[in-house]
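Remarks on the overall topology
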Amino acid sequence: MDTEFKGKEDFFRSLREDMVEYQLEARGIKDTAVLNAMRNVPRHIFLPEELALDAYADYPLPLFAGQTISQPYIVAYMTEKLTLSPDDKVLEIGTGSGYQTAILAELSAEVFSVERIPKLSDWAKKRLDYLGYENVHLLVRGSPLGWEEFAPYNKIIVTAAAEQLPEELLHQLHDNGKMIIPIGKFSQYLYLVEKIDGKPSTRRLLPVAFVPLIVD
Ligand code: SAH
């Protein structure tokens, strides 16, 4: 991307090193592949230019159309919980900026990511293309939820909060697959869902605050 920050890659790399050490490792993220992905992906590229200097700070940031990009720790935490392997096929709901998509693309075989707001999907596509990810497939769709055509997925990550566990997504998950998803209306928690013999086995993790999942 031709921004005023071009040529400042070493500066941003050092901010990422600090982010990994003080925000991720310090809070218990251990998976070295996840830590390396967080070191490698230039998060500032995914943000509006005026927020680039905040890209490696310890809080979520506004995108546009009322949407947000998650705090780095939450991105790393959700990714670590999925225990991605290099041959996994992954579904992401809520492409947003495309940052989480890039992290997934570093760690898995194919990423299928859906976003209901066309302008955000375009934004993400430009950046993912610029960075050269060839294993990412984007679709503008809010409803029906997910991307049934390429199911089943080994892993599913949802980056908007559902009111309950969506049946459609459980259906698109491979048996023995894992899904991480924020659920709740007024107070939300992240849940890790494993599909065992067709049934969900659910574990509640952290309290979180995501924008709502909207299925029109
Ligand atoms: N992972 C993103 C964060 C996105 S915020 C990032 O790293 O930047 C959540 C996104 O989910 C928003 O862009 C919102 O438009 C999208 N969303 C909400 N409901 C959706 C649905 N039913 N299908 C696809 N995307 C949806």
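Preceding this paragraph is the structure being described.
Remember, it's a predicted structure, so these values are computed and weren't measured experimentally.

**Focus: the overall build of the protein chain**
The number of helices and strands found in the protein chain is six helices and nine strands. Compactness check: the protein chain gives a C-alpha radius of gyration of 16 Å against a globular reference of 17 Å for 216 residues, within 12% of the reference. Taken along its principal axes, the extent of the C-alpha atoms in the protein chain is 50 × 35 × 35 Å. The proportion of buried residues among the 216 residues of the protein chain is 53%. Total accessible area computed for the protein chain in this model is approximately 10200 Å², and 51% of it derives from carbon and sulfur atoms. Counting 23 positive and 32 negative side-chain charges, the protein chain places the centres of these two groups 3 Å from one another.

**A short note on the nonpolar core**
In terms of nonpolar packing, the biggest core is built from 53 residues, with Leu-24, Ile-29, Met-38, Tyr-99, Ile-103, Ile-180 and Leu-190 touching the most fellow members. Judged by nonpolar contacts, the second largest core, of 21 residues, contains Phe-112, Trp-147, Val-158 and Leu-170.

**Examining the environment of Gly-98**
With respect to the helices and strands, Gly-98 occurs in the loop between strand E3 (89–93) and helix H4 (99–107). Look at Gly-98 and you get buried, because its relative accessible area is 0%. As a C-alpha pair, Gly-98 and Thr-202 span 104 residues in sequence and 27 Å in three-dimensional space. When near neighbours in sequence (up to four residues on either side) are disregarded, Gly-98 contacts Phe-46, Ala-124 and Leu-128.

**Some thoughts on the layout of surface pockets**
Its volume calculated, the largest pocket comes out at about 290 Å³. Lining the largest pocket are 19 residues, with Met-1, Thr-3, His-44, Ile-45 and Tyr-130 positioned closest to its centre. Looking at the lining of the largest pocket, the elements that each hand over two or more residues are helix H1 (9–24) and helix H5 (118–130). Looking at the lining of the largest pocket residue by residue, the class counts come to 11 nonpolar, two polar and six charged.

**Examining empty space enclosed by the protein**
According to the stated counting rule, one finds one cavity of 30 Å³ or more in the structure shown. In this structure, the largest cavity spans a volume of roughly 430 Å³. Together, 32 residues line the largest cavity, and Gly-94, Thr-95, Gly-96, Glu-115 and Thr-159 are the ones closest to its centre. Here the lining of the largest cavity is composed, by residue class, of 16 nonpolar, 12 polar and four charged.

**Considering the pairing of strand E8 (residues 188–196)**
As paired elements, strand E7 (residues 173–183) and E8 share six bridges and run antiparallel to each other. Paired with Lys-178 across the bridge in E8 is Glu-194. If you look at the hairpin formed by E7 and E8, you'll find four residues sitting between the two strands, and Gly-184 has a positive phi there, around 140°. Pairing geometry for E8 and strand E9 (residues 199–208), over eight bridges, is antiparallel. Note that in E9 the partner of Tyr-189 across the bridge is Pro-207. Taking the residues that link successive antiparallel strands as the turn, the E8-E9 hairpin has two residues, and the phi of Asp-197 there is positive, at about 50°.

**Things to note about helix H3 (residues 72–81)**
Within H3, nine of the 10 residues are buried, which leaves it mostly tucked inside the rest of the structure. Those residues of H3 not exposed but buried are Pro-72, Tyr-73, Ile-74, Val-75, Ala-76, Tyr-77, Met-78, Thr-79 and Glu-80. Trailing H3 by a residue or two, Thr-83 shows a phi angle of about 40°, which is positive.

**Considerations on the environment of Leu-192**
Locating Leu-192 in the fold gives a position in strand E8. Along the backbone, Leu-192 and Gln-23 are 169 residues apart, and their C-alpha atoms lie at a distance of 22 Å.

**A word on the site of the ligand**
For the ligand, the set of nearby residues contains 25 residues, the closest of which are Gln-67, Ser-97, Glu-115, Gly-142 and Ile-214. For the ligand, a nitrogen atom lies 3.2 Å from a polar atom in the backbone of Gly-94. Within the contact set of the ligand, a nitrogen atom lies 2.7 Å away from a backbone nitrogen or oxygen of Ile-214. Protein burial of the ligand: of its 580 Å² of free accessible surface, 99% is covered by the chains. Judged by the fraction of its atoms near the pocket grid, the ligand is located in the largest cavity.

Conventions and cut-offs
Residues numbered from 1 in each chain as written. Predicted model: local features only at pLDDT ≥ 70, side-chain atom pairs only at ≥ 80, totals over all residues. Heavy atoms only, no water. Helix = DSSP H or I, 4+ residues; strand = E, 2+ residues; numbered from the N terminus. Rg over C-alpha atoms; globule rule 2.2 N^0.38 Å. Buried < 20%, exposed > 50% of the residue type's maximum accessible area, 1.4 Å probe, protein only. Areas by Shrake-Rupley, 256 points an atom, 1.4 Å probe, with all protein chains shown as cover. Lys, Arg positive; Asp, Glu negative; His and termini not counted. Charge placed at Lys NZ, Arg CZ, Asp CG, Glu CD. Core = buried A, V, L, I, M, F, W, Y, C linked by side-chain atoms within 4.5 Å. Contact = heavy atoms within 4.5 Å. 1 Å grid on protein atoms, 1.4 Å probe; cavity = no way out; pocket = protein on both sides within 12 Å on 5 of 7 lines; lining within 4 Å. Points joined across faces, edges and corners; volume = space filled by probe spheres on them. Nonpolar A, V, L, I, M, F, W, Y, C, P; charged D, E, K, R; others polar. Pairing = 2+ DSSP bridges. Near = heavy atom within 4 Å. Polar contact = N/O pair within 3.5 Å; in protein donor to acceptor, adjacent residues only side chain to side chain. Sits in = over half its atoms within 2 Å of the grid points.

So far we have only geometry, and geometry alone does not tell us how the molecule works.
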